[in-house]
Amino acid sequence: ILYIKHNEKTILGNQALFDIFESLQVEEDNDSMTFLEVRPETMFEQVDQQEAFEAYFEEVLNGELPEGMLSLSIDQGEYFIQVYAEKIELGDQSDGTILVFRDVTAETEVDRMKSELVSTVSHELRTPLSSIYGFTELMLKRDLDPARNKRYLQTIHDESKRLTDLVSDFLNVQRMESGRQSYEKEVFDLIDTVREQTRFYQAATEKHRLQLDVDEAHEFLVNADKNSMKQLIGNLVNNAIKYSPDGGDVVISLTHHHNQIELSVRDFGLGIPSSAMPHLFSKFYRVDNSDSRKIGGTGLGLSICKEIVRAHDGNIDVESILGEGTVFKVLLPSVSDTLIEMD
Ligand code: ADP
């Protein structure tokens, strides 16, 4: 709240205002109910729409009451604020004008995420759909030789698969985030799932060599949902293959760390630019460079992995060097032998 007392020509602000406008900070300790004097010029510097705010302020100083709200952002979008003005009267005397600054940062962020989601989903759906539409139209209208027919059908098939994957990934994320995903946990040796997934993905590639680096003398017991573990390992191994387009080794390892199990999937492929690292586990995020973009995907795989790991009280992390390769590391609580005996 900012209070402009017209007669005394003083401008006062409360603690919340001082918290948002750091440039107003003063040394002394301030109780949240005390109003402190404000120098408006210092506030102006922090506002991204400085001119509009100054003009609004000027109106208020001149004793006018600007209509409607003014939307502002502060410190290059750190805060989003809505401002409105109200006259204050004591008796029938006008005392001043109050400016109320509502912090709408959270609402603004939700709005931004919603529109980003809609635009990404529609973009991701449009590309495969227009290709399916185009190829079926060609096949309907023209007499094509069998070889070409087969090629077009293959494309339609691949694109339908992409659509199905996208929709099921999307539903998966939705279910997980709304807490409707149920996990049926049981105790089993993670090495079996790792072996199974390695075999499955090795069968689909000739360019890559999938290697298991596991101390066979150990057990890697987890209390987890088997299907989710399959999905987690599958997503990581599939990515390691996908983002090593020239082929190469993929090393999958399991080790014990105190009472945790570490699963790591290492590749020697494209790597990830450091600027992309903070966003990797966000929904729909895909690295925006030509090498990665050429490779199909939904940008949902890693956010699903993160959600699965979270539901199992674990942790997922990534290290990568651009052009050299990437390693994803997952930590999961291990089940100790004593616990099983107690069961
Ligand atoms: P996608 O469906 O795009 O593969 P993910 O959520 O699985 O979605 O991954 C997000 C992005 O992270 C990918 O688009 C890719 O740019 C990058 N990425 C994931 N795994 C790797 C990897 N092993 N090597 C290089 N980049 C990767």
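Cut-offs used in this document
- Residues numbered from 1 in each chain as written.
- Predicted model: local features only at pLDDT ≥ 70, side-chain atom pairs only at ≥ 80, totals over all residues.
- Heavy atoms only, no water.
- Helix = DSSP H or I, 4+ residues; strand = E, 2+ residues; numbered from the N terminus.
- Rg over C-alpha atoms; globule rule 2.2 N^0.38 Å.
- Buried < 20%, exposed > 50% of the residue type's maximum accessible area, 1.4 Å probe, protein only.
- Contact = heavy atoms within 4.5 Å.
- Lys, Arg positive; Asp, Glu negative; His and termini not counted.
- Charge placed at Lys NZ, Arg CZ, Asp CG, Glu CD.
- Salt bridge = Lys/Arg side-chain N within 4 Å of Asp/Glu carboxyl O.
- 1 Å grid on protein atoms, 1.4 Å probe; cavity = no way out; pocket = protein on both sides within 12 Å on 5 of 7 lines; lining within 4 Å.
- Points joined across faces, edges and corners; volume = space filled by probe spheres on them.
- Nonpolar A, V, L, I, M, F, W, Y, C, P; charged D, E, K, R; others polar.

Student: Explain the overall build of the protein here, please?
Tutor: Secondary structure assignment for the protein yields 10 helices and 13 strands. In terms of overall dimensions, the protein is more spread out than a globule: its C-alpha atoms have a radius of gyration of 29 Å, far above the 20 Å expected for 343 residues. Projected onto its principal axes, the C-alpha positions of the protein cover 85 × 70 × 40 Å. The 343 residues of the protein split such that 41% are buried. The long-range share in the protein, meaning contacts at least 24 apart out of those at least 6 apart in sequence, stands at 60%. Taking the average location of the 33 positive side-chain charges in the protein and that of its 62 negative ones, the two points are 13 Å from each other.

Student: Would you take a moment to explain the pattern of salt bridges for this structure?
Tutor: Inspection of every chain in the model, using the stated rule, returns 13 salt bridges. With its nearest N and O atoms 3.6 Å apart, the salt bridge here joins Arg162 to Glu159. Remark: Glu159 and Arg162 occur in helix H5 (residues 146-177); sequence separation between them is 3 residues, near one turn of the helix. Classification of Arg162 by relative accessible area gives partly exposed; the value is 32%. The salt bridge involving Glu216 is made with Arg195; its shortest N-O contact spans 2.6 Å.

Student: Would you mind showing me how to read the layout of surface pockets here?
Tutor: Leftover empty space is mapped by rolling, across the atoms, a probe with the size of a water molecule. If you add up the space inside the largest pocket, you get close to 920 Å³. Along its surface, the largest pocket is lined by 35 residues, and Asn238, Asn239, Lys242, Tyr243 and Gly297 are the ones closest to its centre. Top contributing element to the lining of the largest pocket by residue count: helix H7 (residues 226-242), with 7 residues. Across the lining of the largest pocket, the residue classes tally to 14 nonpolar, 14 polar and 7 charged. In this structure, the second largest pocket spans a volume of roughly 390 Å³. With 7 residues, helix H4 (residues 105-141) is the single largest residue contributor to the lining of the second largest pocket. Looking at the lining of the second largest pocket residue by residue, the classes come out as 5 nonpolar, 3 polar and 6 charged.

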